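The chain contents come next:
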Amino acid sequence: MLFLVGVLSSPISSKGNNIFLSFGNLSDVFRQISVTGITAVGMTLVILIAGIDLSVGSVLALGSVVCAMLLTNEGWSAAYSIGTPALFILAFVCLFGVLSFAAKLKGNSQANSPSGSFANPRIIGAASVVTALAIAFCMAMGSEGKAGVLLVLLVVPAVGFMLGMINGLVIVGGRLQPFIVTLAMMVAGLGIARLTAGQNTAVWPVYTGSNATEDFEFLRSLILGVIPVPGVIFAGVIFLFWIVLKFTKFGRYVYAIGGNEESARLAGVPVWRVKITVYAISGYLAALAGILYVAQYRQGKPDAGMGLELDAIAAVVIGGTSLMGGRGSMIGTLVGVLIFGFLSNILQLNNIDSNTQLVLKGAIIIVAVLLQERRSSGWLFFLSQLRMRDRVEK
């Protein structure tokens, strides 16, 4: 319906073409929603386990600063000081998980014989530590020149992964409310971003081919001259986690924890491990969105993600994911992100005042949530109570 409104209300160009339906306009919409959309994917996982993550905006800001510094600085910098341990942590977790899974598969295939010493968790852990240290060391040795797009795509999301894992560990280990923990990380992340960029640095400019390598331009280019690369990355992330939620054991665990955490624990679900993983994924995706922010706006900013957490939460809720947890989908989140993207585009094309845009967005959030939750029965109950009160008074 919103897309139809955009078509009907769109201005007409001098050549008589519908501006809203032009390839340039639609590609701009998909480019703009990619940052919020990728962050909303991680937020969907968090809300499905009945949690909340208010730190995604600060994580994105820190990711944008680290990305800009890696691209433009030669030699060791604060970005490498943060990125090196973060890459070690991410590499260790991934390697340990993959090797443990491989050892489990080998044990299942050799059920009647010992699976070998390789299946020993200590050996797997030692091998993971050594390999992760080697990866981090190689990254540190490459700090003499400016980073390329591949190194940035490895290091910056690792920083978000590390901060998200800290959120999960504190929430699970300290048995604290996610709202409080992620609020604290939101404030701390903003401070870390400012310290990393330099207390007197408001913007860290990035110009590909000038102070940054030319290959970073790929992240803001168009495939076949039509499809923006950020939009493709967003679509890939949505598709990946749709598969995860729909067809994997981890996805079933997420829904089970959101539906009833205590029942999930009694049923043998590794609740603490799933929670930490979900918050780590949320941080990873927020930092990945920070890279796309740098590619789109050509700058890293310590306050780049101001208010992003609210946009992500609104998109997720509009898409039908319940804040109580246990109900929702990635397809719904995609629809919520598109609603926000098309609404902003329609209002801009019709030159609607920015303050009026905020009011309309707020109204649409309420209406969309009411429709998703199907609260018409609640309104009927409210009206019936009013009629009953009038009868009693009479």
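Structural notes, computed from the coordinates. Bear in mind that the values here come from a model prediction, so they are computed numbers and not experimental data.

**A few points about the overall build of the chain**
Part 1 of the argument: A count of helical and extended segments in the chain gives 15 helices and 4 strands.
Part 2 of the argument: Relative to a compact globule of 394 residues, whose C-alpha radius of gyration would be 21 Å, the chain shows 23 Å and is just as compact.
Part 3 of the argument: Overall size of the chain, expressed as C-alpha extent along the three principal axes, is 80 × 60 × 40 Å.
Part 4 of the argument: Here the chain holds 394 residues, and the buried ones make up 44% of them.
Part 5 of the argument: A separation of at least 24 residues holds for 78% of the contacts in the chain among residues at least 6 apart in sequence.
Part 6 of the argument: With the model as given, the accessible surface of the chain reaches about 19800 Å², and the carbon-plus-sulfur share is 67%.

**Considerations on a nonpolar patch on the surface**
Part 1 of the argument: A surface patch of nonpolar side chains, amounting to about 580 Å² of accessible area, comprises Phe23, Ile223, Leu224, Val226, Ile227 and Val232.
Part 2 of the argument: Within the secondary structure layout, Leu224 lies in the loop between strand E2 (222-223) and strand E3 (227-228).

**Some thoughts on the pattern of salt bridges**
Part 1 of the argument: With the rule as written, the count across this model stands at 6 salt bridges.
Part 2 of the argument: A salt bridge links Arg265 to Glu261; the nearest nitrogen and oxygen atoms lie 3.1 Å apart. With Arg265 and Glu261 both in helix H10 (residues 261-266) and 4 residues apart, this pair spans about one turn of that helix.
Part 3 of the argument: Here Arg265 falls in the partly exposed class, since its relative accessible area comes to 40%.
Part 4 of the argument: In the salt-bridge network here, residues are joined through shared partners; they are Glu261, Glu262, Arg265 and Lys275.

**Regarding a positive patch on the surface**
Part 1 of the argument: There is a patch of like positive charges on the surface, built from Lys104, Lys249, Arg252 and Arg273.
Part 2 of the argument: Inspection of the secondary structure puts Lys249 in helix H9 (residues 249-259).
Part 3 of the argument: The class of Lys249 is partly exposed, set by a relative accessible area of 45%.

**Concerning the packing of helix H8 (residues 229-247) against helix H11 (residues 271-297)**
Part 1 of the argument: Two elements in contact, H8 and H11, have axes whose closest approach is 11 Å; the angle formed by their N-to-C orientations is 165 degrees. In terms of orientation, H8 and H11 fall into the roughly antiparallel class. In this structure, the crossing between H8 and H11 has a hand that is right-handed. Listed contacts from H11 to Pro230, Ile233, Val237 and Phe241 of H8 are Ile281, Leu285, Leu288 and Leu292.

**Quick look at unusual backbone geometry**
Part 1 of the argument: Phi at Arg298 takes a positive value of approximately 60 degrees, unusual for a residue other than glycine.
Part 2 of the argument: For Arg298, a relative accessible area of 27% puts it in the partly exposed group.

**Brief notes about the side chain of Glu309**
Part 1 of the argument: Mapped onto the secondary structure, Glu309 falls in helix H12 (residues 308-318).
Part 2 of the argument: Discounting chain neighbours no more than four positions away, the residues touching Glu309 are Met43, Asp53, Leu54, Val56, Gly57 and Met186.

Conventions adopted
Residues numbered from 1 in each chain as written. Predicted model: local features only at pLDDT ≥ 70, side-chain atom pairs only at ≥ 80, totals over all residues. Heavy atoms only, no water. Helix = DSSP H or I, 4+ residues; strand = E, 2+ residues; numbered from the N terminus. Rg over C-alpha atoms; globule rule 2.2 N^0.38 Å. Buried < 20%, exposed > 50% of the residue type's maximum accessible area, 1.4 Å probe, protein only. Contact = heavy atoms within 4.5 Å. Areas by Shrake-Rupley, 256 points an atom, 1.4 Å probe, with all protein chains shown as cover. Patch = residues over 30% accessible without salt bridge, like charges linked within 9 Å, V, L, I, M, F, W, Y side chains within 5 Å. Salt bridge = Lys/Arg side-chain N within 4 Å of Asp/Glu carboxyl O. Lys, Arg positive; Asp, Glu negative; His and termini not counted. Charge placed at Lys NZ, Arg CZ, Asp CG, Glu CD. Axes fitted to C-alpha atoms, helices over the stretch in contact; angles between N-to-C directions. Parallel < 35°, antiparallel > 145°, perpendicular 65-115°, else oblique. Left-handed = near helix turned anticlockwise from the far one by under 90°.

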